[in-house]
Amino acid sequence: MRLRNVPGAREDIAKHELAINEPENNKGKWNEEFGNNNPIQLEIGMGKGLFLTTLAQQNPNINYVGIEKYSSVLVRALEKCEDLELDNIRFIRMEAEYIEDAFAEGEIDKIYLNFSDPWPKDRHAKRRLTSVQFLKRYDTILKKDGVVEFKTDNDDLFEFSVEQVPEAGWEFVAKTWDLHNDKELVQGNVMTEYETKFSGMGHPIHKYIIKR
Ligand code: SAH
């Protein structure tokens, strides 16, 4: 079965208290949604949400928003939250291209991109979540000293992503082609679903952290 065809997924999301159906209404007011002024971090393309729900449990004083375009995977993230009683996490089903409709200038502290779709064809390069076009969007919603953290096992995507950083006027805070063997960067690493799968297959995991 193709995941995106999970029956009733959209309806389940629409009535779930952790799913935000009209994110544009929270733009500039996410602190009201969370009921505090804690920093807000995003994962774009969060899939089934293992990474973000783990972080939310570890860091009750940080607020997390997961963005995912497919309801079928987003419902899995909602299910993960069922018994956790977390009040510092929300989910949005949306296409990341429209992220500036959901968050105001400088509203976000950190953006995580984990195992983003590679879009291997050259003509689709601007759809990659690490392209100059997307970095421009992140530039708007991120705080001045905010960072983007990106992990992938895909060599071509990582190479492309690394090239985009100076092109967009950003700079590296850290970069590794083998995260799990990098003594410093691996500290506190929280595994994602894809990371578990691909590192289990012997793929080295690449990571960068970038800032403006
Ligand atoms: N981050 C998870 C899932 C990686 S798969 C992990 O590491 O395990 C990539 C996910 O990003 C998929 O669920 C896909 O639907 C989502 N995605 C890709 N492009 C997106 C976009 N433009 N907007 C929102 N979600 C996107």
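Report on the accompanying structure. In this text, all values refer to a predicted model and were calculated from it rather than measured experimentally. (Residues numbered from 1 in each chain as written. Predicted model: local features only at pLDDT ≥ 70, side-chain atom pairs only at ≥ 80, totals over all residues. Heavy atoms only, no water.)

Okay, the overall build of the chain next. Scanning the chain for helices and strands turns up 8 helices and 7 strands. In terms of C-alpha radius of gyration, the chain reaches 16 Å, essentially the compact-globule figure of 17 Å for 212 residues. The C-alpha extent of the chain, read off along each of the three principal axes, is 40 × 40 × 35 Å. Buried positions account for 48% of the 212 residues belonging to the chain. (Helix = DSSP H or I, 4+ residues; strand = E, 2+ residues; numbered from the N terminus. Rg over C-alpha atoms; globule rule 2.2 N^0.38 Å. Buried < 20%, exposed > 50% of the residue type's maximum accessible area, 1.4 Å probe, protein only.)

Let us now look at the environment of Tyr70. Following the sequence through the fold, Tyr70 ends up in the loop between strand E2 (63-68) and helix H4 (71-81). Each C-alpha atom, one on Tyr70 and one on Glu95, is 8.7 Å from the other, the two residues being 25 residues apart in sequence.

In the region of the ligand, 17 residues are neighbours, and Gly45, Glu68, Glu95, Thr192 and Tyr194 sit closest. At 3.3 Å from an oxygen atom of the ligand is found a main-chain nitrogen or oxygen belonging to Glu193. In isolation the ligand offers 570 Å² of accessible surface; the protein chains occlude 94% of this area. Each residue belonging to the shell around the ligand can be placed in one class, and the counts come to 7 nonpolar, 4 polar and 6 charged. (Near = heavy atom within 4 Å. Polar contact = N/O pair within 3.5 Å; in protein donor to acceptor, adjacent residues only side chain to side chain. Areas by Shrake-Rupley, 256 points an atom, 1.4 Å probe, with all protein chains shown as cover. Nonpolar A, V, L, I, M, F, W, Y, C, P; charged D, E, K, R; others polar.)

In this structure, Leu42, Ile44, Val65, Ile67, Phe103, Ile111 and Tyr138 are the most contacted members of the largest nonpolar core, which totals 34 residues. Sort the elements by how many residues they give to this core and helix H7 (residues 155-167) lands first, with 5 residues. With sequence-adjacent residues up to four places away left out, Val65 is seen in contact with Trp30, Phe34, Ile40, Gln41, Leu42, Glu43, Leu52, Arg90, Ile92 and Phe103. If you look at the next biggest cluster of nonpolar residues, it comprises 22 residues, including Ala19, Leu55, Tyr64 and Leu74. (Core = buried A, V, L, I, M, F, W, Y, C linked by side-chain atoms within 4.5 Å. Contact = heavy atoms within 4.5 Å.)

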